[in-house]
Amino acid sequence: MPVADIEEHLKIYYSKLFPYSPYIKWLSYGSPDYLAKREFSFTLNGDIYLRYKSFSNQDEFKKELRAVNPFKIDVGAVYNAKPKDHKAFKSGAFTAMEREVVFDIDMTDYDDVRSCCQEANICPSCWVFMKIAVKVLDEALRTDFGFSQILWVYSGRRGIHCWIADETARKLNNSGRGAIADYMSVVVGGDNQSKKVLLPGALHPAIERAVEITAGYFDELMIRNQDFLSTPEKRNQVLNMFPAKTIQNDMADWAASPGDSKKKWSLLKSAWAEYAKARKQKNNAIKEVVLQLCYPRLDVNVTKGLNHLLKSPFSVHPKTGRVCIPF
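Quick notes on the rules
Residues numbered from 1 in each chain as written. Predicted model: local features only at pLDDT ≥ 70, side-chain atom pairs only at ≥ 80, totals over all residues. Heavy atoms only, no water. Helix = DSSP H or I, 4+ residues; strand = E, 2+ residues; numbered from the N terminus. Buried < 20%, exposed > 50% of the residue type's maximum accessible area, 1.4 Å probe, protein only. Contact = heavy atoms within 4.5 Å. Lys, Arg positive; Asp, Glu negative; His and termini not counted. Charge placed at Lys NZ, Arg CZ, Asp CG, Glu CD. Phe/Tyr/Trp six-rings, centres within 6.5 Å; stacked < 30°, edge-to-face > 60°. Lys NZ or Arg CZ within 6 Å of the ring centre and 35° of its normal. Pairing = 2+ DSSP bridges. Axes fitted to C-alpha atoms, helices over the stretch in contact; angles between N-to-C directions.

Student: Sorry, what's going on with the overall build of the protein chain here?
Tutor: Of the regular secondary structure elements, the protein chain holds 14 helices and 8 strands. Considering only C-alpha atoms, the protein chain reaches an extent of 70 × 40 × 30 Å along its principal axes. A buried classification covers 48% of the 327 residues belonging to the protein chain. Here the contacts in the protein chain between residues at least 6 apart in sequence split such that 68% fall between residues at least 24 apart. Counting 46 positive and 38 negative side-chain charges, the protein chain places the centres of these two groups 1 Å from one another.

Student: Help me understand the packing of aromatic side chains, please; the structure alone is not making it clear to me.
Tutor: Two numbers describe a pair of aromatic rings. These are the distance of the centres and the angle of the planes. Taken as a whole, this structure holds 28 aromatic pairs when the rule is applied. Cluster of aromatic residues (ring-pair linked, three or more members): Y13, Y14, F18, Y20, Y23, W26, F40, F42, F55, F61, W163 and F314. Directly above the ring of Y52 sits R51, whose terminal nitrogen or CZ lies 4.4 Å from the centroid. Sitting over the ring of Y29, R170 keeps its end group 3.7 Å from the ring centre.

Student: Is there a simple way to think about the sheet that holds strand β6 (residues 150-154) in this case?
Tutor: To summarise the sheet geometry, strands pair through backbone hydrogen bonds and adopt either a parallel or an antiparallel arrangement. Judged by pairing direction, the sheet is antiparallel, and its 3 strands sit side by side in the order β5-β7-β6 without closing on themselves. Because the sheet does not close on itself, it has two edges, and the strands there are β5 (101-106) and β6. Strand-to-strand, the axes of this sheet are offset by a mean angle of 15 degrees, without reference to chain direction. Relative to strand β7 (residues 159-164), β6 runs antiparallel, the two being bridged by 5 bridges. When the bridges of β7 are listed, V153 appears paired with H161. Packing of helix α5 (residues 128-143) onto the sheet brings it into contact with β5, β6 and β7, and relative to β6 it is tilted by some 165 degrees.

Written out as structure tokens, the structure reads:
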């Protein structure tokens, strides 16, 4: 959408459609002082970035939004003073005190395992990755941590955000947030690492639950939508996720010969079962592959940082013109 069109649409959006009352009620948590110490940032046309904005009430926020017509709104932490007064404090005296625990999941982090789209492009076929992420994380947050005030939001372009608003979550320090992020992180490793999931021994109940959820979508997502074993390159990529190099050699013909993904996956599972049985190996190789392909891929730095800014629900994404809608 052309910039001029976005600008005109934003004027209408902020004038007639933005949900000011429920939005401010949420971010206030029943306390005007809490709202007044909350940081907002605005990105204006031309990538002009305004940080440390703060507002005492809904009317102030509404007036400013209509006046500056921001292309994007970010929400940050609640500080020990009003963010707009931050320059009055000495270094280290102005500090973040609380904020929601947030998760950011971006479809580009799945580019190595999706074939229908790449980079910022998305479609219904690969959006199933996001469906899995919601189900896996939401269940873990509720069952394992006891959180209940959870808001899921479409990011406006290529991913989803999760906001956990329970008081116990909002009061967590960086270490506590990092512990949650680490607990949720299963797929780890850089771009040059072939095997990114390792599950030694008996599985934690949370991992078993994640395997069960992802397995329920596996045929739809990986076999039908992504056709993940359709080429020799893709088949070798999956073989490299197995812990034993010898099976990669044993399955060279399997990798090189043509065949559809459903049949190839069945043959691979059978071959691995025979391989493990012959060597009396008990491991979770198939589950590791399923999780590496489908498990949520998190930007842990977003979760760990108490003062990290994140695009606000009901903000408009400046590159697409889409609203960040809760679902």
